[in-house]
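Here are the chains, one letter per residue:
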Amino acid sequence: MINSDIKSTYDEHTYDSYSYGQTCIDYLCAVAKFHGLDAVNPHNAKVLEIGCAMGGNIIGQAINHPNSQFIGIDLSSEQIAIGKRAIDGIGCKNIELIEMDICNLISEFGGKIEFDYIICHGIYSWVPDFVRSAILQSCKELLSPNGVAFISYNCYPGWKYVEPLRDFMRFCAVKSSGNVADLESGLNAIKFQKAFYAKYSPNETSATHIKNLNSEYIKHIQNYPKSYVAHEYMEICNQPFYFLDFAADANDHGLCYVADATYHFDASFLPEGAISQYFRLSFDDYISANQAYDFLYSIRFRSSILTKEQNKNKLATSDEDKAKFLHNLHFKLIKPAPQLLSSAKDTYIEPLARALNDAFPSTLSLDEVRAVYPKDDIVFRYYDIRTLTNNAITITCEPLQKLLYIPGKTRLKREYIPYLRYFLENEGSPIGVATPSNDRLNADKHTLELALMFDGNHSIKDIQNHIKAKFESEKLIPTIQKDGQNVPLKTPKEQNEYFKNAVEIIRLSLVNSFMLEEY
C-alpha cells in the first residue's frame, strides 16, 4: 500500500532527471582504488541504478561507456516511459530502463547478473524501512566481488534543523485540505511563517537565532522546484539517519563503508594540542570519527560508498595506507580555482597549486605532482585542497589530456552527436544533458545547436557567423545583464562581441569537459 502511495506521488510530481557528477562510475572507481579496492574498469562494467527516474543520471554515462551495460529501475511508470522514449530517440543500445519495485531486484537479477557499480541516489531516505532493507540486501546479493555501491541519504544532525519546517508544512496541509502531502497547502504554510517572522521581533537571543535559521531555510524552500519540495518536504517518507546507524545497517546486511563521495574528515585537520588529542582518543576508529565529523559540521546529507563486507580488510582508511595506492591515480582541477592560487601564494604548496592550475583541465600524474611537491603528505594535501576549493580537485583512474578545437584535427566526439541532437530536437525535455564526467551541460537550444557545429568542418568564425545570422533571421536582439536589468546590445560592435563570447563559452565547455576527440 505504501509503495503504491509513493508511486502515485512520483507519477504526479515527476522530477526533472539530471546527472550527478558524484555518481559517475569513473569517479566511483577512482575513490574505490584510492581506498585499496580493485574496482572494475568502468569501460567494461555492469551498472545498476536503483530509482533511476527518467534515466538522466545514467543515459550520459551509457553514451560515454559504450562497452558497459546500464540498467535503471524505478517504480514510476510515467518516468520510465519518458526515459525510454529518450533512449530510443538517441539510439543508445547499452542501456535499459525497467519499471520495477525495488523489493523485486533480487528475484529478477539474483544468480543471473552481478553489478560492478550500483547507484542509489536520493532514494534511501525516501522509502519505508522494508524498502531500505531491500536496497542494502540487493547491494549485498547483486554486487560483484569488488563491486561498489553508492547510496545517498539525508542525515542527522543537520536535518534536525530542517525537520520542524517539514513537520509544520505537513501539519498545515492536514488542517487545510485533509491531505498531509498537499503541496500548495504546505507552501502556503511557509508563506505564512515567513510573513510572521517579518513582524516578529523576539527579545531572547535563542529565539532570534531560530527565527533567522528558519527564515533562511524558508528562502531556500521557496526557490526549489515544486517537484523537489513535494518529495523532500511533503512526501510520506523522509527519514534522515545518523551516519553511525546507516553504517551499522549496512554492516548487518553484509556490507562495509568505504568512504563518502563528497566529504572527508581526518583528525590532522584539527588544531594541534588538546583539541586534536581529545578527538584522537575519543574517536579512535574510522566510523566514529566520521560520525563525530557530522556532529561538528552539522552535516545533513551524505553520499556513502559501500562494498561487500569480505573486502573490509583490503580497505585503506588512513592517509598512510591510501598513499600506497596513489600510483594508480591522477589529479586534476574540476574548474579553475583562483582561491587556491591566492591562498597558496608564498607558501610551500604554491608550486603544486600553479601546476594544477596550469594543467587544467588536464590531469597530473603522481610523478608530476611529486616533481613540484616532494613532501610525503600528498594525501593530506589532496584533501586540504578539496576543502579549500569546495571540492574543485578530483582524482581519476586514467590520464586526461586537454584537446583544443582545431578544424580538420579535432571535433565533437561522434557518440555525442545523436545525444545532443535529440535534446536539440526535443527542447524542454525534463531529462538533463551530461558531460563525460556526468556533470550537467547547459542544454538550451542555442548551446546545443552551436555545440553540434564543432564538427571539425566549421571554423570558430563560421560558428560565430551562424549565431549572428540566426539572431538576424529571427529578429532577436542580444542582451546582457547589467545592474539586474536586461540591456539590449544595439551597435554592431557590441553584438559581434556578444556572439564571439557566446561561442567562446561553448568552446571552453567542450574543451574543459573532454567532449572533443582527435580524428
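Quantities reported herein were computed from a predicted structural model and do not represent experimental measurements. (Residues numbered from 1 in each chain as written. Predicted model: local features only at pLDDT ≥ 70, side-chain atom pairs only at ≥ 80, totals over all residues. Heavy atoms only, no water.)

Participant: Explain the packing of aromatic side chains to me, please; I cannot follow it from the model alone.
Facilitator: The description of two aromatic rings rests on the distance between their centres and on the angle between their planes. Per the stated rule, a full pass over the model turns up 35 aromatic pairs. Ring geometry for Phe 168 against Phe 192: centres 6.4 Å apart, planes inclined by 35 degrees, an arrangement best described as tilted. With Phe 168 in helix 7 (residues 163-177) and Phe 192 in helix 8 (residues 183-199), this residue pair connects regions lying 24 residues apart in the sequence. Residue classification places Phe 192 among the exposed residues on the basis of a relative accessible area of 54%. On the basis of an interplanar angle of 85 degrees and a centroid distance of 5.2 Å, the ring pair of Tyr 422 and Phe 423 is categorised as edge-to-face. With a relative accessible area of 5%, Phe 423 lands in the buried category. Every member of this aromatic cluster is reached through a ring pair, and the members are Tyr 263, Phe 265, Tyr 278, Phe 279, Phe 283, Tyr 293 and Tyr 297. Looking at Lys 375, its charged tip hangs above the ring of Tyr 348, at a distance of 4.8 Å from the centre. (Phe/Tyr/Trp six-rings, centres within 6.5 Å; stacked < 30°, edge-to-face > 60°. Helix = DSSP H or I, 4+ residues; strand = E, 2+ residues; numbered from the N terminus. Buried < 20%, exposed > 50% of the residue type's maximum accessible area, 1.4 Å probe, protein only. Lys NZ or Arg CZ within 6 Å of the ring centre and 35° of its normal.)

Participant: Explanation requested: the nonpolar core in the structure shown.
Facilitator: Nonpolar side chains tend to gather and get buried jointly when the protein is soluble and globular. If you look at the biggest cluster of nonpolar residues, it comprises 64 residues, and the most contacted ones within it are Ile 95, Tyr 117, Tyr 419 and Leu 420. Dropping the residues within four chain positions of it, Tyr 419 is found in contact with Ile 59, Gly 60, Ile 63, Ile 90, Gly 432, Val 433 and Ala 434. (Core = buried A, V, L, I, M, F, W, Y, C linked by side-chain atoms within 4.5 Å. Contact = heavy atoms within 4.5 Å.)

Participant: So what exactly am I meant to see when it comes to helix 19 (residues 416-425) here?
Facilitator: Helical geometry note: an α-helix holds 3.6 residues per turn, so side chains three or four residues apart project in the same direction. Of all the positions in helix 19, only Tyr 416, Ile 417, Tyr 419, Leu 420, Tyr 422 and Phe 423 are classed as buried. Buried residues in helix 19 make contact with helix 3 (59-64), helix 4 (77-90), strand 12 (410-412), strand 13 (433-434), strand 14 (440-441) and helix 20 (445-451).

Participant: What is the right way to read helix 2 (residues 25-34) from this model?
Facilitator: Counted residue by residue, helix 2 has 9 buried out of 10 residues, so it is predominantly covered. Considered for burial, the residues of helix 2 that qualify are Ile 25, Tyr 27, Leu 28, Cys 29, Ala 30, Val 31, Ala 32, Lys 33 and Phe 34.

Participant: Can you help me understand the side chain of Lys 308 in this one?
Facilitator: If you trace the backbone, Lys 308 turns up in strand 8 (residues 301-308). No salt bridge is formed by the buried Lys 308; the nearest opposite charge belongs to Glu 114, separated by 4.8 Å. A polar contact of 3.0 Å, which involves the side chain of Lys 308, links it to the backbone oxygen of Leu 143. Setting aside anything within four residues of it in sequence, one finds Lys 308 in contact with Lys 140, Leu 143, Ser 144, Pro 145, Gly 254, Leu 255 and Cys 256. (Lys, Arg positive; Asp, Glu negative; His and termini not counted. Salt bridge = Lys/Arg side-chain N within 4 Å of Asp/Glu carboxyl O. Polar contact = N/O pair within 3.5 Å; in protein donor to acceptor, adjacent residues only side chain to side chain.)

Participant: Would you mind going over empty space enclosed by the protein with me for this structure?
Facilitator: The probe, sized like a water molecule, is rolled over the atoms to show the empty space still left. Enumeration according to the criterion identifies 2 cavities of 30 Å³ or more in this entry. Each pocket or cavity is described by its volume, and for the largest cavity that value is around 180 Å³. Around the largest cavity sit 19 residues that line it, and His 35, Asp 260, Tyr 263, His 264 and Tyr 383 are the ones nearest its centre. Among the secondary structure elements, those contributing two or more residues to the lining of the largest cavity are helix 2, strand 7 (255-260), helix 13 (286-297) and helix 18 (378-388). Residue classes in the lining of the largest cavity are distributed as 12 nonpolar, 4 polar and 3 charged. In this structure, the second largest cavity occupies an estimated 70 Å³ of space. For the lining of the second largest cavity, the secondary-structure elements that each account for two or more residues are helix 16 (350-359) and helix 18. At 4 residues, the largest contribution of residues to the lining of the second largest cavity is made by helix 18. (1 Å grid on protein atoms, 1.4 Å probe; cavity = no way out; pocket = protein on both sides within 12 Å on 5 of 7 lines; lining within 4 Å. Points joined across faces, edges and corners; volume = space filled by probe spheres on them. Nonpolar A, V, L, I, M, F, W, Y, C, P; charged D, E, K, R; others polar.)

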